[in-house]
Amino acid sequence: MAAKNIMIVGVGGQGTLLTSRILGGLAIAGGYDVKLSEVHGMAQRGGSVFSHLRMGKNLYSPMIKTGTADLIIGFEPGETVRMLPYLKEHGQVVVSTHAIKPVTATLSGSSYDAPPMIDYLKKHVENLTLIDADTICREIGSQKVLNMVLLGAAIRTGVLDFSLEEIEEVMKKTLPEKFHEMNLRALNYNI
């Protein structure tokens, strides 16, 4: 596998950190070097959470340079827009269309809505996969499977050299057994 730079972005409580750890665990199991840097200081308050995840051979820094991310997995459209400067030309974005009002907008009383963010992404991202993940999660029965819905969609883009079966194996080792069935449905949801 050629080196891959992946940004995983969202707000606290969405499962972004678990997603980065599952992808990192998969790359390590495949014999690749993995560098991971997470920012989650406001995670419990609905604040911005993002991970820089690099996988490949002979990596020395966990940080992704501006304009070099192969993939951005966006759990929230506004946070995805904020991280677009990291995306390389022809890079791929997989994003949930469901907006979560950030703490800063809540505290300031300003408005926040997904459609302008989605429109911005459509205008500025060549390879964009929009996921109505909120509806899918309701259909499956839990918002806690959002990360598996997005991870499955990211794998289907072909940007990552992993199969859904490989993700399933790491997920089963990472999560308690009682959550396997629901997460497998989310991972394999046909979008």
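Our structure's up above, just so we're on the same page.
Quantities reported herein were computed from a predicted structural model and do not represent experimental measurements.

Peer 1: I'm lost on the pattern of salt bridges in this one. Help?
Peer 2: Between side chains of opposite charge, pairing is possible as soon as their charged atoms come close. Applying the stated criterion to the full structure yields four salt bridges. For D134, the salt bridge is made with R138, and the minimal N-O distance between the two is 2.6 Å. Of this pair, D134 and R138 both sit in helix α5 (residues 133-140), separated by four residues, roughly a single helical turn. The exposure class assigned to D134 is buried, which follows from its relative accessible area of 16%. Exposure remark for R138: the relative accessible area of 53% places this residue in the exposed category. Close ionic contact of R185 with E181 constitutes a salt bridge, the shortest N to O distance being 4.0 Å. Note that R185 and E181 are positioned in helix α8 (residues 180-187) at a spacing of four residues, about one turn of the helix. Judged by its relative accessible area of 49%, E181 is partly exposed.

The rules behind the values
- Residues numbered from 1 in each chain as written.
- Predicted model: local features only at pLDDT ≥ 70, side-chain atom pairs only at ≥ 80, totals over all residues.
- Heavy atoms only, no water.
- Salt bridge = Lys/Arg side-chain N within 4 Å of Asp/Glu carboxyl O.
- Helix = DSSP H or I, 4+ residues; strand = E, 2+ residues; numbered from the N terminus.
- Buried < 20%, exposed > 50% of the residue type's maximum accessible area, 1.4 Å probe, protein only.

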